[in-house]
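# Per-entry structural report
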Amino acid sequence: MISWKEQLSGRIPEQLGGEVDLFEGQIELKKQGKIDDKIFAETRLRRGVYGQRYDNGLRDDGTGQRPLTFPCGDLTKGPDTVWDAPGMMRIKIPFGKLTAEQLDVLSELAEEYSDSILHVTTRQDIQLHFVHIEDSPDMMRRLAAVGITTREACGNSVRNVTACEYAGVCNTQSFDVTPYANAMVQFLLGHPDVQDFGRKFKIAFSGCEDNPCGLVTFHDLGAVARVRDGKRGFRVVVGGGLGAVPVEAKVLAEFCPEEELLPLAQAVSRVFARLGEKQSRARARIKFLVQKLGMDEFKRLVAAEREGLRYDERWTAFLEDLHATDERPVRKAGGIPSDASARFRAWAKHNLKPQAQDGYYVAVVKLPLGDFTSAQGRALSDLAREYTGDSIRCTVEQNLAFRWLSGADAVAFYERLDALNLGEPGAGTITDMTSCPGTDTCKLGISSSRGLTGELRKRLSVIQEDLDPAVKALRMKASGCFNSCGQHHVADIGFTGVSRQVGGRKVPHFNIVLGGQWTENAKSYGLVVGAVPSKNVPKAVELITKHYLANRNEDESFQAFIARVGKKDFRKVLAPLQKPPSYEQDPSFYSDWGDPREYTIGDIGVGECAGEIVPFVEFGLQEAEQQLHDAQDALDAGQATAAAAGAFNAMVTAAKALVRHLDVQVKDDPSDVVAHFKTHLHDTELFHDPFAKGKFASYLLQMHGEKPYENADREIAHRTLDEAQLFLEAAHACYQRLTQSRAAVAAE
Amino acid sequence: MHATKFQVKLYTKTGEIELGTLIPVFHEWIREKKIPDELLIDVADYAHVPQGPGVVLIGHQSDYYLDVADDRPGLLYSRKRGFDGDLQAGIDDAFRRALRACQLLEEESDLGFEFSTSEVFFRVQDRLRAPNEDATYEAYKPALERAASWFFGGAPSLERLGGKRDPFAVRIHTGSTGCVSDALSRN
């Protein structure tokens, strides 16, 4: 029988083919029990083979957790990860650039090994879900045959290098960053200096300072194109990140000459690999190293590392032909027909952007939740061949951009898109939301971000033509948990999934995050205004936007409005929505969007009247939330020190409530609270998050020890507020776990 | 070894379907183990994708789609792995499982579904072993005709679909006016 390996013989680059063969061999060794679970897990992650929800072989069916009895028995592909359980394959698409042929192959893989859906991620990757690990080597071979590798798509490595989808055709760029991003990809892929990181490492490029496409400020390493005295170079920033606590990257070099870009990245990598945290996953990103060392010391170490680097010709070889990555149009330039239909014009308003090259446009195909089908993929590759050539780019807003579309072809292109059900207008508007996978497939999802986004899309699409332009211009983004893959921190209106215990049952909620800034490469991050039950979020969006429209000054932007009125105003707006009805009044609040299963796990609280008796601990947690809100108001009012102190007090209040819940006597003195919290909740790991472990507890312990809230500036206050918010979420989760554990003991 | 990744789709007689109504049904199938010889895992909701896979009941051996491709809703059975048998047995089994799923959906009275047996869509998601070319069609034609005749009676006519890049697919016109239960009761 012929295999894909034989079928594609001669078409797979030797090194890539060898790597896939090696991985296939490791799969066999794992099946024979000859590779340790942890080692195999990291091995497959570094090949883009990722876990997925329920891959521990357990699933709650709405009435309780049930085993999923896979045929593989005890065979695992990592700790608590069942071999046969479906997983996700993340396929790296460097700077999002795809050829028509690549899109064809991706479409084939989606229908042969997945569920016929291709998903564009916020890092310009393509993800396929529900994939079996034993199919992955053939998938990798088929990808390798068209120049794609999944190597280092996941794991503690350099992830997909992203770049503005308009690079090379943009009107505001300093120059095309594509060849530099490409050189960075090639240079660092598999480089020995990037194999020993404690955590992942994300790199982004932007062609200019002002537009958001590159989003460099929340990356581990970001490069913004600059020209100084006629010479090309980059402003290089380091140590940014979203995640649980967003951090803005700091400037490492105001101007790094182009020939120094790769060695600088290598030096940074070596410092990170050498000094970055390796034991505590929660503090292993480079942002923590930069914080710990301070920027001056970090710069000194990088400079010293750079001095000692052995010369590598690849640092500059790519500069000899910076046009190697240029795209060539397949059609002649032309103007858009003046008699185009109203439907076309409505689409073109937001989905068509003129290029720097006269007569050419970038057409953005707005994808619903970043998804498209295999059949659509093939049809899109046909469109590319006919109209634009190999110039497709996945975007960080989970869309596809087709560059080099002649204006003369724009109407025909749109009509073909429309026939594929891909002619939806409103790219980059409020209806064009991004979302992480959330509880649909992610192991870490708390609430259904895709379910919520799908619901908001559905409702807003109906009324989008009637929306006020100021509202239409807003961006909304949703993350299913605090890890922020949906990039909610930089949205005008962001959502992050949390859960709450109400009347003995769990209710899916979203924290509403307001005031993030998408422009200027995602310049600033929003803050949580409050948690709203998932089912009330559409109403919350309606109230927030109405409040803005009714009270803004003329032409006042949403961000300026928030800065002026403060978040306090919005908390009043949201207050009526924050308490869900009782289960008896409306059980739908106790399920998430698109999922009829009851959100509560197991039998806890079911059939009891616990909901009418509010335990003391709940009052304490509520008080802590109020203190945190007051602290946020203080920051809005410019009182950074008061804000930071208030955030610390909120953490102490929540900790005290939990300690008392354990029947431990504790004084109001913060030192006493923290000491007891450490003994009874931290050291016992009761407060540990299943994923983040002791991360959130450490926020309180460190804050108490280091007292950063004394004389805090705005940046420290902001970070303190973020950490306090996460600590409170963890306190709620801890309380839920304690409740479950007590109920289980009682049931026995 | 021949391909086993067969897909069989039967179309609903109802023109439009509210896909959201399928989600609780599929969750119940998982909970109640409605397909006892298969491991059912999860439900994937793609209702937001026009003419897409719709709502998918994800299983280990097979997936079951309430698929809305080409704006023609239907139950699409999709085998992913785990079949030992010859080509005819594999096709027969795929037809049977698709029909059983249709029957289960028809039994969900709240849905009000009824499936047509006059037309069956058959596809193989395996370009290596079943490329969309003449030789594949010639190899599959007799087995497909036998299966269609076996389940639906009469003499079916086959129409090959798609081009070289597409997966191998055939539309089978059965001429049947019978119901799903009739088809299942014939064997």
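Each chain has its residues counted from 1, following the order in which its sequence is written. Following the order in which they are written, the chains are lettered starting with A and the ligands numbered starting with 1. Local features in a predicted model are, by the rule used here, given only for residues with pLDDT of at least 70; side-chain atom pairs are given and counted only at 80 or more, and totals for whole chains, interfaces and linings are based on all residues.

The next subject is the overall build of chain B. When helices and strands are tallied, chain B shows four helices and eight strands. Along the chain direction, N to C, the helices and strands of chain B fall in the order β-α-β-β-β-β-α-β-α-β-β-α. Since a compact globule built from 187 residues should have a radius of gyration of about 16 Å, the 16 Å found for chain B is in line with a globular shape. Based on the C-alpha atoms only, the size of chain B along its principal axes is roughly 40 × 35 × 30 Å. Working definition of burial: number of other C-beta atoms within 10 Å of the residue's own, with buried at 20 or more, exposed at 12 or fewer, and partly exposed in between, all C-beta atoms being placed from the backbone. When each of the 187 residues of chain B is scored for burial, the buried share is 47%. By definition, residues are in contact whenever their C-beta atoms, placed on the basis of the backbone, come within 7 Å of each other. In chain B, the proportion of contacts linking residues at least 24 apart, taken out of those at least 6 apart, comes to 59%. For the purposes of this entry, the term helix denotes a DSSP run of H or I that reaches at least four residues, the term strand denotes a run of E that reaches at least two, and both are numbered from the N terminus. The quantity called the radius of gyration is restricted to C-alpha atoms. Its globule counterpart is 2.2 Å times the number of residues to the power 0.38.

Moving on, we get to the interface of chain A and chain B. With 33 residues of chain A in contact, the opposing surface of chain B contributes 30 residues. Secondary structure elements with two or more residues in the side of chain A that touches chain B: α1 (4-7), α4 (100-113), β17 (371-373), α12 (374-388), α14 (449-463) and β26 (595-598) of chain A. Looking at which element gives the most residues to the side of chain A that touches chain B, the answer is α4 of chain A, with four residues.

All names here are of chain A. Any two strands with at least two DSSP bridges between them are considered paired. The five strands are arranged β1-β6-β9-β8-β17 in an open sheet whose pairing can be described as antiparallel. Strands with a single pairing partner mark the edges of an open sheet, and in this sheet they are β1 (49-50) and β17. Both β1 and strand β6 (residues 87-91) contribute to a ladder of two bridges, which runs antiparallel. Each bridged residue has a counterpart across the sheet, and for Tyr50 the counterpart in β6 is Met88.

Here we come to the pairing of β26 of chain A. Residue and element names in this part refer to chain A. Only one face of β26 is covered, namely the one carrying Asp595 and Arg597; the face carrying Pro596 and Glu598 has none of its residues buried. Of the strand pairs in this sheet, strand β25 (residues 591-592) and β26 are connected by two bridges, and their pairing is antiparallel. When the bridges of β26 are listed, Asp592 appears paired with Asp595. Connecting β25 to the antiparallel partner β26 that follows it, the hairpin turn spans two residues, and Gly594 within it adopts a positive phi of roughly 70 degrees.

What follows is about helix α13 (residues 410-419) of chain A. Residue and element names in this part refer to chain A. Every buried residue of α13 is accounted for by Ala410, Phe413, Tyr414 and Leu417. Buried residues of α13, seen end-on, are gathered within an arc of 100 degrees and therefore sit on one face of the element. Where α13 terminates, the next one or two residues include Asn421, which has phi positive at roughly 65 degrees. In this description, one arc is meant: the one made by directions from the helix axis to the C-beta atoms.

The subject of this paragraph is the sheet that holds strand β21 (residues 476-479) of chain A. All names here are of chain A. Spatial ordering of the open sheet is given by β20-β21-β22-β23-β24, a layout of five strands whose pairing is mixed. Looking at the sheet topology across the chains shown, the edges are occupied by β20 (434-435) and β24 (527-533). With two bridges connecting them, β20 and β21 associate as parallel partners. Looking at the pairing, Thr434 lines up with Lys477 of β21. For helices, the axis comes from a line fit to the C-alpha atoms of the stretch in contact; other axes are also lines fit to C-alpha atoms, and the angle between any two N-to-C directions lies between 0 and 180 degrees. Across the sheet, helix α17 (residues 537-551) touches β22 (493-502), β23 (505-514) and β24, and the angle it forms with β22 is around 135 degrees. Taken strand by strand, helix α19 (residues 567-574) contacts β23 and β24, and its axis lies near 0 degrees from that of β24.

Known as pLDDT, the predictor's confidence for each residue is given on a scale from 0 to 100. Within chain B, residue pLDDT values average 95, and 99% of them lie at 70 or more. Confidence metrics for the complex model read pTM 0.88 and ipTM 0.98.

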